[in-house]
Amino acid sequence: MRVFLARKGIALSKTTVHKYMNRELHLHCVCRRKKPGYKKGHKHKIFSNLIKQNFEVEKPNQVWCTDFTYLFLSNGSIRYNCSIIDLHDRSVVASENGRWITSELATATIEKALKATNADPESLILHSDQGSQFTSLEFIMYCQDKGITQSMSHAGCPYDNAPMERYYNTLKAELIYQYRFDTVEELDFAVSEFAYNWYNQVRPHAYNGYLTPFEKRYGLG
């Protein structure tokens, strides 16, 4: 609610907004689950950290961040999601689910992103953690063949890829933890709709001055 008021130029304190949401409208926020503490990781294959927690990018398709997360079906089976976001506007440029967490899923997600954006791969930095999917020979050769420059977080440092962590936190808090998914088809469709429709086109983002990612990307604000 506070976000939408800010978009309309209405200045209210958080306390006032909460009062009307809770007492008058009987609305309550989505409580995000606490994340476990991180343990320092071990170095695997290292590419230089080219962005060094500088997450502000002037133009689209200059720096993309990527990562994997796991998603559960109601029967306890796991699906894995690989997503890529553009640091310029925090838009999800590609999101793919798969049964396995592999370099093949990572490369398929990049292929999807390149087709969707017509980005020049030779002008692109792709930032990730040091997961084996991104340090595999197959993935490294793929990036080299495309001309993509790889950048990597320090081992065990999620803050080096904070925008990606934030997207996954939002995905789980606002979608995955709120609904039950009985089939692969239900889950895959919901994640796709969340990324491309809700997150990119409807949900305002504080980083964008409360514009949606697409409003900032295409200068619609």
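Fair warning: this is a prediction, and the values are worked out from it, not measured in the lab. (Residues numbered from 1 in each chain as written. Predicted model: local features only at pLDDT ≥ 70, side-chain atom pairs only at ≥ 80, totals over all residues. Heavy atoms only, no water.)

## Some remarks on the side chain of Arg79
Put simply, the rule reads: Every helix listed is a DSSP run of H or I at least four residues long, and every strand listed is a run of E at least two residues long, numbered separately from the N terminus. We define a polar contact as two N or O atoms separated by no more than 3.5 Å, with the added condition that, inside protein, one atom must be a possible hydrogen donor and the other a possible acceptor, whereas residues neighbouring each other in sequence contribute only through side-chain atom pairs. Any two residues having at least one pair of non-hydrogen atoms within 4.5 Å are treated as being in contact.
Mapped onto the elements, Arg79 comes out in strand E2 (residues 78-86). A distance of 2.6 Å separates a polar atom in the side chain of Arg79 from a polar atom in the side chain of Asp188. Setting aside residues no more than four positions away along its own chain, Arg79 makes contact with Thr69, Tyr70, Leu71, Asn97, Gly98, Arg99, Val184, Leu187 and Asp188.

## What to know about the pairing of strand E1 (residues 63-72)
Operational definition: Under the scheme applied here, a residue whose accessible area is under 20% of the maximum for its type counts as buried, over 50% as exposed, and between as partly exposed, the area being computed with a 1.4 Å probe on protein chains only. Should DSSP find at least two bridges between two strands, the strands are regarded as paired.
Most of E1 is tucked away, with 8 of its 10 residues classed as buried. In terms of strand pairing, E1 meets strand E4 (residues 125-128) through 3 bridges, oriented parallel. Bridge pairing in E4 links Trp64 to Leu126. Sheet topology places E1 next to E2; 9 bridges connect them, and they run antiparallel. Residue Thr66 lies in a different strand from E2, and its bridge partner there is Ile84. If you look at the hairpin formed by E1 and E2, you'll find 5 residues sitting between the two strands, and Gly76 has a positive phi there, around 95°.

## Things to note about the packing of helix H6 (residues 162-176) against helix H7 (residues 184-202)
When two helices pack together, their arrangement is given by the angle between the helix axes and the distance between those axes. Test applied: Axes here mean lines fitted to C-alpha atoms, for a helix over just the part in contact, with angles spanning 0 to 180 degrees between N-to-C directions. Helix crossings get a hand from a simple test, with the near helix turned counterclockwise from the far one by less than a right angle marking a left-handed crossing and a clockwise turn marking a right-handed one. Nonpolar residues are Ala, Val, Leu, Ile, Met, Phe, Trp, Tyr, Cys and Pro. Charged residues are Asp, Glu, Lys and Arg, and all others, Gly as well, are polar.
Their axes nearest at 11 Å, the elements H6 and H7 cross at an angle of 115°. Our pair here, H6 against H7, has a crossing hand that is right-handed. Across the interface between the two elements, Tyr167, Thr170, Leu171, Glu174, Leu175 and Ile176 of H6 pack against Leu187, Ala190, Val191, Phe194, Ala195, Trp198 and Tyr199 of H7. Taken together, the residues of the contact of H6 with H7 sort by class into 11 nonpolar, 1 polar and 1 charged.

## With respect to the nonpolar core
One recurring pattern in soluble globular proteins is that nonpolar side chains are buried together. Going by this rule: Buried Ala, Val, Leu, Ile, Met, Phe, Trp, Tyr and Cys residues that are joined via side-chain atoms within 4.5 Å together make up what is termed a nonpolar core.
With 23 residues, the main nonpolar core has Leu87, Tyr167, Leu171, Leu175, Ile176, Phe181 and Leu187 as its most contacted residues. Those elements that place two or more of their residues in this core are E1, H6 and H7. Among all residues touching Ile176, those that are not within four sequence positions of it are Leu71, Leu171, Phe181, Leu187 and Val191. Ranked by size, the runner-up nonpolar core spans 21 residues in total, among them Ile84, Val93, Ala94 and Cys143.

## Concerning the pattern of salt bridges
Where we set the bar: Criterion for a salt bridge: a side-chain nitrogen of Lys or Arg within 4 Å of a carboxyl oxygen of Asp or Glu.
Evaluated as defined, the whole model comprises 7 salt bridges. Two residues, Arg79 and Asp188, come together in a salt bridge whose shortest N-O distance is 2.6 Å. Linking Arg79 in strand E2 with Asp188 in helix H7, this pair joins segments that are 109 residues apart in sequence. It is possible to trace a salt-bridge network through shared partners that takes in Asp86, Asp89 and Arg217.

## Observations concerning the environment of Lys115
Its place among the elements puts Lys115 in helix H3 (residues 103-117). As a C-alpha pair, Lys115 and Val93 span 22 residues in sequence and 9.7 Å in three-dimensional space.

## Description of unusual backbone geometry
Phi is positive for Lys52, which is not a glycine, with a value near 50°. Topologically, Lys52 is positioned in the loop between helix H2 (14-24) and E1. Positive phi, normally seen in glycine, also occurs at Asn61, with a value near 60°. Along the chain, Asn61 falls in the loop between H2 and E1. Owing to a relative accessible area of 16%, Asn61 belongs among the buried residues under this scheme.

## What about the sheet that holds E2?
The 5 strands are arranged E3-E2-E1-E4-E5 in an open sheet whose pairing can be described as mixed. Looking at strand neighbours, the two that pair on one side only are strand E3 (92-98) and strand E5 (149-152), the edges of this open sheet. Averaged over all adjacent pairs, the angle separating strand axes in this sheet is 25°, with direction ignored. Taken together, the 6 bridges between E2 and E3 define a ladder with antiparallel strand orientation. Residue pairing for E3: Ile85 is matched across the bridge by Val92. In this fold H7 packs onto E1, E2 and E3, with an angle of close to 170° to the strand it touches most, E3.

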